[in-house]
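# Geometric and topological summary
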Amino acid sequence: MKKLAFYLLMAVVLVSCQPEEEQKYTSNELEYALYQGSEFDYQGKVNVRELANGSLELSIVLSGKKDAGEYFFPTHLHFGGFDSPDAPIAHLLNPVNIKDLKSETVLGPLSDGRNLTFSDFKNFDGHIKVHLADSGPEYGVILSVGNVGNNDNSLDAFNREMITVCSPYLGN
C-alpha cells in the first residue's frame, strides 16, 4: 500500500511540475482565396491567424504541380488590390516551396513601418501575389493572386486580365 501511495504522490508531483501548454493562437482567423494568375495551374488559399502575442501568421497552401527539386516561388503582400498598377510590396512573405506548395510567415512590420493587428488586417487594402521567379521576365508571371483585407476576394470580383505587374520594390 505504501508503494501505491508513493506512486500516486509522484504522479501528482510530476503532473504539477509540467509547464502548462501555451495556446499558440487566439480564435481570430481569416481565409482568402488565391486564384490562378497565369497559364500555370496554381491556386489555393491564405489563412491569417492571430497568435497569442498579437502577431499575425500567414499560411499559404497552393494546389498545383509539385516537384522534388529545390525551388521556391517568391510571395509578397502588396498594398492595394491585385489590379492596382505598380502596387508596392508591403511585406516579403516566406516563399512557397515547390515540394509541398506551402509557405508560413509571421508578419512583421510593413514597409511603411506599421505593425498590423488582426483588426487592422481585416481593414487592410492589400493583395498577395505568388510569382514564378524573383527577377527577370519570370518575375512578371503571377502564379496565384488574391485580394486580402477589405478588398473583394470573391470569384465574381476576380478577373485575371486585370492583374497588374507589381513593383518589385518595398515601400509605399
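These numbers were taken from a predicted model, which means no experiment stands behind them.

## Thoughts on the side chain of Glu57
Tracing the chain through its elements places Glu57 in strand β3 (residues 56-63). Of the residues examined, Glu57 reaches a relative accessible area of 2% and is grouped as buried. A distance of 2.7 Å separates a polar atom in the side chain of Glu57 from a polar atom in the side chain of Tyr25. Filtering out sequence-adjacent residues up to four positions away, Glu57 remains in contact with Lys24, Tyr25, Asn47, Val48, Arg49, Leu51, Glu104, Thr105 and Val106.

## Quick look at the pattern of salt bridges
Here the structure, examined in full by the defined rule, presents four salt bridges. Between Lys45 and Glu31 there is a salt bridge; the shortest N-O distance is 3.6 Å. Of this pair, Lys45 sits in strand β2 (residues 43-51) while Glu31 sits in strand β1 (residues 25-36), and the two are 14 residues apart along the sequence. For Lys45, a relative accessible area of 35% gives the class partly exposed. The partner of Lys99 in a salt bridge is Glu70, and the shortest N-O contact between them spans 2.5 Å. Of this pair, Lys99 sits in the loop between β5 (89-97) and β6 (102-107) while Glu70 sits in the loop between β3 and β4 (72-79), and the two are 29 residues apart along the sequence. Among the residues examined, Glu70 registers a relative accessible area of 62% and is labelled exposed.

## Considerations on unusual backbone geometry
One non-glycine residue, Asp86, adopts positive backbone phi at about 50°. One non-glycine residue, Leu101, lies in positive phi territory at about 60°. Locating Leu101 in the fold gives a position in the loop between β5 and β6.

Reading the values: rules and limits
Residues numbered from 1 in each chain as written. Predicted model: local features only at pLDDT ≥ 70, side-chain atom pairs only at ≥ 80, totals over all residues. Heavy atoms only, no water. Helix = DSSP H or I, 4+ residues; strand = E, 2+ residues; numbered from the N terminus. Buried < 20%, exposed > 50% of the residue type's maximum accessible area, 1.4 Å probe, protein only. Polar contact = N/O pair within 3.5 Å; in protein donor to acceptor, adjacent residues only side chain to side chain. Contact = heavy atoms within 4.5 Å. Salt bridge = Lys/Arg side-chain N within 4 Å of Asp/Glu carboxyl O.

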